[in-house]
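Listed here are the chains, written in short residue letters.
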Amino acid sequence: MTVDVQATRDVVDIITGGWRAQALYTAVKLGLPDHVEAGRDTDAELAKATGANEQGIHRLMRLLVAMGIFEGSGSTGYRGTRVSAALLEGPQSLSDMCLLYGEEFYSAWGHAHHAISTKSSGFEVAYGRSFYEYLGQDVATARRFQLTMNAASMFFHQVPEVFDFSGKKVVDVGGGGGHLLATILGATPDAEGTLYDREHMVPKAREHLSATVGLDRAEVVGGDMFQGVPAGGDVYILCRVLAGHDDEAVVGVFEHCRRAMAGSSSRLLILDRFVEDENSSVLPALWDLHLLMTTGGEHRTVDRITRLLSRAGLEVTGTAELPMETTALICTPRTT
Ligand SMILES: Nc1ncnc2c1ncn2[C@@H]1O[C@H](CSCC[C@H]([NH3+])C(=O)O)[C@@H](O)[C@H]1O
């Protein structure tokens, strides 16, 4: 039997992916991007600054240079790259994402076989409770999750480029901490908005909107989208809220939005990740399985969402691609 060298290579590249992720996670855990940025560029200095073993640092840095995270060497001095720059502490940093993925999510993925075989959350096997229960009990991880969501929100600033919000009343359903609404209202001075989310999110959202666009243009309403949504909006937004809920619940939310719309020129804007059943690229399929690992949820295909929209009297009349595999679906009330 001849050995397919390339196939062997491909398998090895794939199965060592988890090791690469753990190496990057460890670099962030030790604060290496910030230390190198601050000029601590030798193994000895990095070991001293982190309290880690110097040989360990040397071996980790050798790999990270090979992976393109850093440049240079222990003898010439290490230098940062644009990848390590994305991990420096700061408002848009991906460091919290690395820590969450390297700890809780890595453990959850450790139960992939169970999760896929039983279509249930790997996280629950790893931690003995649901992801959201865990977040409710662990303030530090809840904060890290929020920061991870924020870091993955870099598509927000492009939303006003794919949809014209001028002069519109915008209702952001499940609007979370208010970052998207603030971005939209910030870019559209003559628009006004309502953020709608569960009661416990109201103070946080109000604080953010008050500090950014001001409460004269943005109000915050607490409630349950499965019971109803605020009436009279020109644009309803559902950004990253549908994945955790079953089809019937999603149709219910669509129906509430449809009924609450100010008129036939009103629109529903869905911002989410979608999968394709055929010829999918890797990341959307990974995000879908990641939802299974964490919450037991899933991403839908655009076809499936279109069918659910249709049941609520809505149709997709426009789409736009946004960064991070996010798609904007512009939905219009059906007149016939
Ligand atoms: N029944 C519900 N009614 C209103 N909001 C909900 C409900 N269930 C979940 N949510 C909110 O849905 C949001 C999902 S996370 C997405 C937040 C935001 N749209 C963003 O993209 O950043 C959270 O803020 C939840 O509190």
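Residues numbered from 1 in each chain as written. Predicted model: local features only at pLDDT ≥ 70, side-chain atom pairs only at ≥ 80, totals over all residues. Heavy atoms only, no water.

A.B. asks: Explain the overall build of the protein here, please?
C.D. replies: Summing up its helical and strand segments, the protein has 18 helices and nine strands in all. Reported as C-alpha extents along the three principal axes, the dimensions of the protein are approximately 70 × 55 × 35 Å. When the accessible surface of the protein is summed, it comes to about 17,100 Å², and 52% of that surface belongs to carbon and sulfur atoms. Averaging the coordinates of the 29 positive side-chain charges in the protein and doing the same for the 43 negative ones gives two points 1 Å apart. (Helix = DSSP H or I, 4+ residues; strand = E, 2+ residues; numbered from the N terminus. Areas by Shrake-Rupley, 256 points an atom, 1.4 Å probe, with all protein chains shown as cover. Lys, Arg positive; Asp, Glu negative; His and termini not counted. Charge placed at Lys NZ, Arg CZ, Asp CG, Glu CD.)

A.B. asks: I tried to follow the sheet that holds strand β8 (residues 314-322) on my own but got confused; where do I start?
C.D. replies: Think of a sheet as strands paired side by side through backbone hydrogen bonds, with each pair either parallel or antiparallel. Spatial ordering of the open sheet is given by β5-β4-β3-β6-β7-β9-β8, a layout of seven strands whose pairing is mixed. This sheet does not close on itself; its edge strands, each paired only once, are β5 (218-222) and β8. This sheet shows a mean twist of 20° between the axes of neighbouring strands, independent of strand direction. By the bridge criterion, five bridges tie strand β3 (residues 169-173) to strand β4 (residues 192-197) in an arrangement that is parallel. Counterpart to D172 in the pairing with β4 is L195. In this fold helix α16 (residues 247-260) packs onto β3, β6 (235-239), β7 (267-272), β8 and β9 (326-333), with an angle of close to 160° to the strand it touches most, β6. Along the sheet, helix α18 (residues 302-311) makes contact with β7, β8 and β9, crossing β8 at roughly 145°. (Pairing = 2+ DSSP bridges. Axes fitted to C-alpha atoms, helices over the stretch in contact; angles between N-to-C directions. Contact = heavy atoms within 4.5 Å.)

A.B. asks: Would you mind going over the site of the ligand with me for this structure?
C.D. replies: Around the ligand lies a shell of 15 residues, among which G174, D197, D224, C239 and R240 are the nearest. D224 has a polar side-chain atom sitting 2.8 Å from a nitrogen atom of the ligand. Contacts to the ligand include R240, whose side-chain N or O atom sits 2.8 Å from an oxygen atom. Tallied by class, the residues present in the shell around the ligand amount to seven nonpolar, four polar and four charged. (Near = heavy atom within 4 Å. Polar contact = N/O pair within 3.5 Å; in protein donor to acceptor, adjacent residues only side chain to side chain. Nonpolar A, V, L, I, M, F, W, Y, C, P; charged D, E, K, R; others polar.)

A.B. asks: For this particular structure, what's the right way to read the packing of helix α1 (residues 5-15) against helix α2 (residues 17-29)?
C.D. replies: A pair of packed helices can be characterised by two numbers: the angle between their axes and the separation between those axes. Orientation of α1 relative to α2, taken along the N-to-C sense of each, is 35°, at an axis distance of 4 Å. Facing α1, whose interface residues are D13, I14 and I15, α2 presents G17, G18 and R20. Looking at the contact of α1 with α2 residue by residue, the class counts come to two nonpolar, two polar and two charged.

A.B. asks: I'm lost on a negative patch on the surface in this one. Help?
C.D. replies: On the surface, E276, D277, E278, D303 and E321 cluster together into a negatively charged patch. Within the secondary structure layout, E321 lies in strand β8. We classify E321 as exposed; its relative accessible area is 58%. (Patch = residues over 30% accessible without salt bridge, like charges linked within 9 Å, V, L, I, M, F, W, Y side chains within 5 Å. Salt bridge = Lys/Arg side-chain N within 4 Å of Asp/Glu carboxyl O. Buried < 20%, exposed > 50% of the residue type's maximum accessible area, 1.4 Å probe, protein only.)

A.B. asks: Honestly, the nonpolar core in this entry has me stumped. Any pointers?
C.D. replies: Generally speaking, soluble globular proteins have nonpolar side chains that are buried together. By size, the foremost hydrophobic cluster in this structure holds 28 residues, and its most contacted members are V159, F165, L180, L209, I237, L269 and L271. The set of elements that each furnish at least two residues to this core consists of α14 (179-187), α15 (202-212), β5, β6, β7, β8 and β9. Examining the composition of this core, we find that five residues originate from one element, α14, more than from any other. Discounting chain neighbours no more than four positions away, the residues touching V159 are F165, L180, I184, L269, L271 and L322. Residues V251, A260, L268 and L308 belong to the second largest nonpolar core, which totals 26 residues. (Core = buried A, V, L, I, M, F, W, Y, C linked by side-chain atoms within 4.5 Å.)

A.B. asks: Got a minute to help me understand a nonpolar patch on the surface in this structure?
C.D. replies: A surface patch of nonpolar side chains, about 390 Å² in accessible area, is lined by V11, V12, I14 and I15. Within the element layout of this structure, I14 appears in helix α1.

A.B. asks: Whenever I open this one, the UniProt feature "domain: O-methyltransferase C-terminal" (unreviewed entry) in the protein confuses me. Can you help?
C.D. replies: Within this numbering scheme, the UniProt entry marks residues 109-314 as carrying the feature "domain: O-methyltransferase C-terminal" (unreviewed entry). Between the end C-alpha atoms of residues 109-314 there is a gap of 37 Å, over a span that is 46% helix and 14% strand. (UniProt positions renumbered as here; feature names shortened; annotations may be inferred.)

A.B. asks: Sorry, what's going on with the side chain of S153 here?
C.D. replies: Within the secondary structure, S153 is located in the loop between α12 (139-151) and α13 (159-162). For S153, the side chain forms a polar contact with the main-chain oxygen of M149, separated by 2.4 Å.

A.B. asks: What exactly am I supposed to notice about the confidence of the model for the protein here?
C.D. replies: The predicted model of the protein averages 95 in pLDDT, with 100% of residues at 70 or higher. Across the predicted assembly, pTM comes out at 0.84 and ipTM at 0.99. (pLDDT = per-residue confidence, 0-100.)

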